[in-house]
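Residues per chain are reported as follows:
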Amino acid sequence: MEKSIVFFDIDGTLLNEEKKIPASTKRAVQLLQEKGIHTVIATGRVPNMFYWIQKELNIDSYVSMNGQYVVFKGKEIYSNPIDPNMLQSLSTMTANNGHALAFCSHLDYKVSQSNHPYIEEGFDSLMMPYPEVDEKYYTHSPIYQGHLYCNPQDAQVYFDQFPDFSFVKWDSNAYDILPNGASKAVGILKMLEILDIEKENSFAFGDGLNDLEMLEMVGTGVAMGNAVPEAKAAADVITTSSSQDGILNGLIQVGLLEKDLASA
């Protein structure tokens, strides 16, 4: 039997709207692992934001920070840090404009300001506490991804001023900042290469704008029932929502799990 691999987004995919892992999802992931199918997290999050998910699901491989830092079975296999000079320019501009940044390394994440309403709003949406402040974090740690916190009306000036970055919206007033061309798909391709797995034997589940490239690139892309319209359009299959057994139902739908086995 040829090797298969499944990549799972976190928010809105592995996690329901309460930021919990449904029992059916835990069971489905366990069944895949028992069948020898690789299970991998593919997320925009920093690793220390999802250690607890790895532990609960017994997953030790991940594509993190939207493909910028990739680990297989606990070992780093790919990393693509951002030029700190570009982060310096961005930092100066956001400070002058009253906007804010987050800096994401493979170990931690820091923000540029305390008590910023858009940072608070973004981390509230993740049900996580306000991060520590270190406006110079990028000067002493490798940064793989940034967050820009500003309203959409003000965001265009950054898009125009920093054409070497791509900005991917993930909350009402929050954008991931990545080098152009970076995406979960890039990290996934690195892992497929290392594992010598054919693209047609790869599957991915996602729901957000940062999942589009991943859903289009893998052999079979599965959009959650709660996914944004763009993700549903990019996917091959649409399953039920993350809170309605979407992972389990999707794995059955694509033939990786048998219905009678999954419902046991």
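Everything below is about the structure printed above this text.
Quick caveat: nothing in here was measured; it's all calculated off a predicted structure. (Residues numbered from 1 in each chain as written. Predicted model: local features only at pLDDT ≥ 70, side-chain atom pairs only at ≥ 80, totals over all residues. Heavy atoms only, no water.)

## Focus on the packing of helix α1 (residues 23-34) against helix α9 (residues 246-253)
- Two numbers describe how α1 lies on α9: the axes approach to 7 Å, and their chain directions differ by 40°. By the angle between their axes, α1 is oblique relative to α9. Here Ser-24, Thr-25, Ala-28 and Leu-32 of α1 come into contact with α9, specifically with Ile-247, Leu-248 and Leu-251.
- A class-by-class count of the residues in the contact of α1 with α9 yields five nonpolar, two polar and no charged. (Axes fitted to C-alpha atoms, helices over the stretch in contact; angles between N-to-C directions. Helix = DSSP H or I, 4+ residues; strand = E, 2+ residues; numbered from the N terminus. Parallel < 35°, antiparallel > 145°, perpendicular 65-115°, else oblique. Contact = heavy atoms within 4.5 Å. Nonpolar A, V, L, I, M, F, W, Y, C, P; charged D, E, K, R; others polar.)

## Some remarks on the packing of aromatic side chains
- Scanning the model with the defined rule gives 10 aromatic pairs in all.
- Note on Tyr-69 and Tyr-144: the rings are 5.3 Å apart at their centroids and 45° apart in plane angle, and the pair reads as tilted. Remark: Tyr-144 occurs in the loop between α4 (117-125) and β8 (145-149) and Tyr-69 occurs in strand β4 (residues 69-72); sequence separation between them is 75 residues.
- Overall, Tyr-69 belongs to the buried group, its relative accessible area being 7%.
- Ring plane angle 90° and centroid distance 6.3 Å describe the contact between Phe-165 and Phe-167, whose orientation is recorded as edge-to-face.
- Using a relative accessible area of 5% as the deciding quantity, one classes Phe-165 as buried. (Phe/Tyr/Trp six-rings, centres within 6.5 Å; stacked < 30°, edge-to-face > 60°. Buried < 20%, exposed > 50% of the residue type's maximum accessible area, 1.4 Å probe, protein only.)

## Examining the pattern of salt bridges
- Tallied over the entire structure, the rule returns eight salt bridges.
- When the shortest N-O distance is used, the salt bridge between Arg-45 and Asp-11 registers 2.6 Å. Remark: Asp-11 occurs in the loop between β1 (5-8) and α1 and Arg-45 occurs in the loop between β2 (38-42) and α2 (51-57); sequence separation between them is 34 residues.
- Looking at Asp-11, the relative accessible area reads 18%, which means it is buried.
- Between Lys-110 and Asp-108 there is a salt bridge, with the nearest N and O atoms lying 3.3 Å from each other.
- Take Lys-110: its relative accessible area is 11%, and that puts it in the buried class.
- When salt bridges with common partners are traced through the structure, they connect Asp-9, Lys-184 and Asp-211 into a single cluster. (Salt bridge = Lys/Arg side-chain N within 4 Å of Asp/Glu carboxyl O.)

## Overview of unusual backbone geometry
- The backbone of Lys-19 shows a phi angle near 60°, a positive value even though the residue is not glycine.
- Tracing the backbone shows Lys-19 in the loop between β1 and α1.
- Residue classification places Lys-19 among the buried positions, given a relative accessible area of 16%.
- The phi dihedral of Met-127 falls on the positive side, at around 55°, and the residue is not glycine.
- With respect to the element layout, Met-127 can be found in the loop between α4 and β8.

## Focus: the pairing of strand β5 (residues 75-79)
- Judged from the four bridges that link them, β4 and β5 form a sheet pairing that is antiparallel. Within the sheet, the bridge partner assigned to Phe-72 lies in β5 and is Lys-75. (Pairing = 2+ DSSP bridges.)

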